[in-house]
Amino acid sequence: MLFDTNTCDPEQSRQRTLALRDAIELLSGKWKFCILLNLYQYKIMRFKDLQETSIGITPKVLSKELQELEENLLITRTVNNTKPVTVSYALTDHAIETQPVINALIEFGLKHRKKIKDE
């Protein structure tokens, strides 16, 4: 287990803190998780499809988020030789490693919503 406060020396603590900060920075914002979740579900999506399934995102923000995800090797961007030209996006193998994190956040979110509703 990575989160074990009993066996953590100062250097391990520092490395874990830096790793957590990197992961949070990489996936920060309200849209990156939604984009990744949509790509998990649909495998390959065009820009317009991602915009429609990420309810409320503007084209400018979607473009920025996709660019950051591509720069961080989480998605691939493919320009399709169609008329008109279309662009599609897919997850990389590296991005698959985020799936347990996304699932854990969904599970926590569902439990949290229920707790708030029940109280």
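Reading the values: rules and limits
Residues numbered from 1 in each chain as written. Predicted model: local features only at pLDDT ≥ 70, side-chain atom pairs only at ≥ 80, totals over all residues. Heavy atoms only, no water. Helix = DSSP H or I, 4+ residues; strand = E, 2+ residues; numbered from the N terminus. Buried < 20%, exposed > 50% of the residue type's maximum accessible area, 1.4 Å probe, protein only. Areas by Shrake-Rupley, 256 points an atom, 1.4 Å probe, with all protein chains shown as cover. Lys, Arg positive; Asp, Glu negative; His and termini not counted. Charge placed at Lys NZ, Arg CZ, Asp CG, Glu CD. 1 Å grid on protein atoms, 1.4 Å probe; cavity = no way out; pocket = protein on both sides within 12 Å on 5 of 7 lines; lining within 4 Å. Points joined across faces, edges and corners; volume = space filled by probe spheres on them. Nonpolar A, V, L, I, M, F, W, Y, C, P; charged D, E, K, R; others polar. Pairing = 2+ DSSP bridges. Axes fitted to C-alpha atoms, helices over the stretch in contact; angles between N-to-C directions. Contact = heavy atoms within 4.5 Å. Parallel < 35°, antiparallel > 145°, perpendicular 65-115°, else oblique.

**As for the overall build of the protein**
Move 1: Summing up its helical and strand segments, the protein has five helices and three strands in all.
Move 2: Counting from the amino terminus, helix and strand elements in the protein follow one another as α-α-β-α-α-β-β-α.
Move 3: The principal-axis extents of the C-alpha atoms in the protein amount to approximately 60 × 40 × 20 Å.
Move 4: Sorting the 119 residues of the protein into buried and exposed places 24% on the buried side.
Move 5: Carbon and sulfur atoms make up 59% of the accessible area of the protein, which amounts to about 9000 Å² in all.
Move 6: Charged side chains in the protein number 17 positive and 16 negative. The centres of these two groups are separated by 8 Å.

**With respect to the layout of surface pockets**
Move 1: Of the pockets and cavities examined, the second largest pocket occupies roughly 340 Å³.
Move 2: Along its surface, the second largest pocket is lined by 15 residues, and Ala23, Leu27, Phe33, Thr98 and Val101 are the ones closest to its centre.
Move 3: Only helix H1 (10–27) and helix H5 (99–118) provide two or more residues apiece to the lining of the second largest pocket.
Move 4: If one sorts the elements of the lining of the second largest pocket by residue count, H1 sits on top with five residues.
Move 5: Across the lining of the second largest pocket, the residue classes break down as eleven nonpolar, three polar and one charged.

**What about the sheet that holds strand S1 (residues 44–46)?**
Move 1: One open sheet holds the three strands; their spatial order is S1-S3-S2, and the pairing between them is antiparallel. Edge strands, defined here as strands with exactly one partner in the open sheet, are S1 and strand S2 (75–80). Geometrically, the sheet is characterised by an average inter-axis angle of 30° between neighbouring strands, direction not taken into account.
Move 2: The sheet contact formed by S1 and strand S3 (residues 86–91) spans three bridges and is antiparallel. What sits directly across from Ile44, in S3, is Ala90.
Move 3: Of the strands in this sheet, S1, S2 and S3 touch helix H2 (residues 32–42), which is tilted by about 90° from S3.

**A look at the packing of H2 against helix H4 (residues 59–71)**
Move 1: The contact between H2 and H4 brings their axes to 10 Å, and the two run at 75°. By the angle between their axes, H2 is roughly perpendicular relative to H4. Taking contact as the criterion, the partners of Lys32, Ile35 and Leu36 in H2 are, on H4, Leu62, Glu65, Leu66, Glu68 and Leu69.
Move 2: Considering only residue class, the contact of H2 with H4 consists of five nonpolar, no polar and three charged.

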